[in-house]
Amino acid sequence: PETITVQELANRMAEKGADLVKSLFKMGMPVTVTQTIDQDTAELMVTEFGHNIVRVSDSDIDIQTDTVDDAVESLLPRPPVVTIMGHVDHGKTSLLDALRGTDVVAGEAGGITQHIGAYQVTQKDKSKITFLDTPGHEAFTEMRQRGANVTDIVILVVAADDGLMPQTIEAISHTKAAGVPMIVAINKIDKHDANAQKVRERLLEHDIQVEEMGGETQDVEVSALKKLGLDDLIEKIQLQAELLELRANPDRSAEGTVIEAKLDKGRGPVATVLVSRGTLRVGDIFVCGAESGKVRALIDDKGRQVKEAGPSVPVEVLGLSGVPMAGDPLQVVETEARAREVAAYRASVIQNKRTTTAPASLETMFSALK
Ligand code: GTP
Ligand code: MG
């Protein structure tokens, strides 16, 4: 029988472990986050928290990710996936660039990094952090609505001279809705009119109580321009990641999410995929949204061809039948026939959606196909 720890289940639903413990306690099950629960209880919790239970079965036409089916023993630590959000001009891109500058591997590769929408930074202690190039709040929300919860940690950038602005507040509410832990990076502290304390105070109005104010949200003063506080920020990301106990099974057929996709003149359809579990390899047959394909090449964020990509690793995937959408799941399957069947089915569902004027529920779509 399948079991799962409370924390792991919480991770998969992007909920807080403590909230699950609370719910389980109410149901008469006093457990801690590190204890395991059985599949029935896990499924009950999934429903309780408003998520969908998805089972994979060969007889299903479609296949979906996020099934509760990796044995606990198969799970190994994986790097955290971090998204940087904040108001216009508060320094998101500058901070990403500065953090990228701390990459010990990028230096070895000659410092030439290409833009693939996501990249991994290796620290001196060899640990890795995956950063998603700020997708904008809309993309973040849209991907989440499509079931693609790829972000483990949000870094909220607030410029210390400008303070809390409309998009800062928007980012706070999106992060809360996603149930993702936040680290506040108070940027531009090199400026003469910087006022970090005022930022902390204003955050209280939005129920964000940072450590300095006696709360639990980590905050750190940085200057992306002068490269101040970066080590501190990285340390806090690692600390937060440790608390989340992020793990995935690298030893299974790969699943991932499209971060961005485009039609490249020379290379054809190209998708940047963040692997969520399993290991994606050259030659793998896959379904990706309503597209299918066979991995012709994998290119990492340093522009190097690689043979495989494991959990939390972002790679460019070549060999797609067409251009998928951001947020689309990628799943490795056994045969090309199966890949085409699933892709064709999905394409028909999308087509149906476009031609029906009435809002179609999944049920009506199914009956329409019978
Ligand atoms: P958008 O992508 O347009 O939303 O902006 P952003 O949040 O990515 O900000 P960006 O990194 O482009 O920085 C905006 C401006 O602030 C640039 O002129 C940066 O040079 C400047 N800037 C960023 N970080 C710092 C900092 O730590 N100190 C100072 N003094 N200026 C900074
Ligand atoms: Mg920017």
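Data block above holds the structure.
It should be emphasised that the depicted structure is a prediction, and the values quoted were computed from it without experimental measurement. (Residues numbered from 1 in each chain as written. Chains lettered and ligands numbered in written order. Predicted model: local features only at pLDDT ≥ 70, side-chain atom pairs only at ≥ 80, totals over all residues. Heavy atoms only, no water.)

Caption draft 1: Fine view of the overall build of the protein. A tally of regular secondary structure across the protein gives eleven helices and 19 strands. Pairs at least 24 residues apart make up 71% of the contacts formed inside the protein by residues separated by at least 6 positions. Element-wise, carbon and sulfur atoms account for 51% of the exposed surface of the protein, whose accessible area totals about 18,100 Å². (Helix = DSSP H or I, 4+ residues; strand = E, 2+ residues; numbered from the N terminus. Contact = heavy atoms within 4.5 Å. Areas by Shrake-Rupley, 256 points an atom, 1.4 Å probe, with all protein chains shown as cover.)

Caption draft 2: Molecular detail of the environment of Val 33. Following the sequence through the fold, Val 33 ends up in the loop between helix 2 (17-26) and strand 2 (36-38). For Val 33, a relative accessible area of 25% corresponds to the partly exposed category. As for Val 33 and Leu 20, which are separated by 13 residues in sequence, their C-alpha atoms are 8.1 Å apart. Beyond its immediate chain neighbours, meaning those up to four positions away, Val 33 contacts Thr 5, Val 6, Gln 7, Gly 17, Ala 18 and Val 21. (Buried < 20%, exposed > 50% of the residue type's maximum accessible area, 1.4 Å probe, protein only.)

Caption draft 3: Representation of the pairing of strand 7 (residues 153-159). Most of strand 7 sits out of view: seven of its seven residues are buried. Here strand 7 shows a buried face lined by Ile 153, Ile 155, Val 157 and Ala 159 and a second buried face lined by Val 154, Leu 156 and Val 158. Here five bridges tie strand 4 (residues 81-86) to strand 7, and the two strands are oriented parallel to one another. Considered in strand 7, the bridge of Gly 86 is made with Val 157. Two strands pair when backbone bridges link them, and strand 7 and strand 8 (residues 182-187) are joined in this way by six bridges, in the parallel orientation. Of the residues in strand 8, the one forming a bridge with Val 154 is Met 182. For the crossover from strand 7 across helix 7 (residues 166-178) to strand 8, the handedness is right-handed. (Pairing = 2+ DSSP bridges. Right-handed = clockwise from strand over helix to strand, strands pointing away.)

Caption draft 4: The arrangement of the nonpolar core in detail. Within the largest apolar cluster, 25 residues are counted, with the highest numbers of intra-cluster contacts made by Ile 84, Leu 95, Leu 99, Phe 131, Ile 155, Leu 233 and Ile 237. Secondary structure elements with two or more residues in this core: strand 4, helix 4 (92-100), strand 5 (118-122), strand 6 (128-132), strand 7, strand 8 and helix 9 (230-244). For this core, the leading source of residues is helix 9, giving six residues. Residue contacts for Ile 155: discarding those within four places in its chain leaves Val 82, Thr 83, Ile 84, Met 85, Leu 95, Phe 131, Ile 183, Ala 185, Leu 233 and Ile 237. (Core = buried A, V, L, I, M, F, W, Y, C linked by side-chain atoms within 4.5 Å.)

Caption draft 5: Quick peek at the site of ligand 1. Not every one of the 15 residues close to ligand 1 is listed here, only the nearest: Lys 92, Thr 93, Ser 94, Asp 190 and Ala 224. Asp 190 places a side-chain nitrogen or oxygen 2.7 Å from a nitrogen atom of ligand 1. A distance of 2.9 Å separates an oxygen atom of ligand 1 from a polar atom in the backbone of Ala 224. In isolation ligand 1 offers 650 Å² of accessible surface; the protein chains occlude 69% of this area. Sorting elements by how many residues they give to the shell around ligand 1 places helix 4 first, with three residues. For the shell around ligand 1, the per-class residue count stands at three nonpolar, seven polar and five charged. (Near = heavy atom within 4 Å. Polar contact = N/O pair within 3.5 Å; in protein donor to acceptor, adjacent residues only side chain to side chain. Nonpolar A, V, L, I, M, F, W, Y, C, P; charged D, E, K, R; others polar.)

Caption draft 6: The arrangement of the packing of aromatic side chains in detail. Taken as a whole, this structure holds one aromatic pair when the rule is applied. With centroids separated by 6.1 Å and ring planes inclined at 40°, the aromatic side chains of Tyr 119 and Phe 131 adopt a geometry described as tilted. Residue Tyr 119 is found in strand 5, and its partner Phe 131 is found in strand 6; the two are separated by twelve residues along the sequence. Overall, the relative accessible area of 2% leaves Tyr 119 in the buried class. According to the relative accessible area criterion, Phe 131 is buried, its value standing at 1%. (Phe/Tyr/Trp six-rings, centres within 6.5 Å; stacked < 30°, edge-to-face > 60°.)

Caption draft 7: Structural detail: helix 7. Taking 1.5 Å of rise per residue, 13 residues should cover 18 Å, and helix 7 covers 19 Å from first to last C-alpha, within 8% of that figure. All buried positions along helix 7 are accounted for by Thr 168, Ala 171, Ile 172, His 174, Thr 175 and Ala 178. Along helix 7, the residues classed as buried sweep out an arc of 170° about the axis, all on the same side. Looking one or two places after helix 7, you find Gly 179, whose phi comes out positive at around 65°. (Expected span 1.5 Å × (residues − 1). Arc of directions from axis to C-beta.)

Caption draft 8: Examining the packing of helix 1 (residues 6-13) against helix 2 more closely. Where helix 1 meets helix 2, the closest approach of the two axes is 8 Å, and the angle between their N-to-C directions is 120°. Helix 1 and helix 2 meet at a crossing whose hand is right-handed. Residue-level inspection shows Val 6, Gln 7, Leu 9, Ala 10 and Met 13 of helix 1 in contact with helix 2, the latter providing Gly 17, Leu 20, Val 21 and Leu 24. Looking at the contact of helix 1 with helix 2, its residues break down into seven nonpolar, two polar and no charged. (Axes fitted to C-alpha atoms, helices over the stretch in contact; angles between N-to-C directions. Left-handed = near helix turned anticlockwise from the far one by under 90°.)

Caption draft 9: Representation of the sheet that holds strand 7 in the model. If you trace the six strands from one edge of the open sheet to the other, you get 5-6-4-7-8-9, paired in mixed fashion. Of all the strands in the sheet, just strand 5 and strand 9 (218-221) have a single pairing partner and so form its edges. Put simply, the sheet's adjacent strands are angled 25° from each other on average, direction ignored. Inspection of the sheet shows strand 4 paired to strand 6 by three bridges, in the parallel sense. Paired with Val 81 across the two strands is Thr 130, which belongs to strand 6. Most of the contacts of helix 8 (residues 196-204) go to strand 8, to which it runs at about 145°, and overall it touches strand 7, strand 8 and strand 9.

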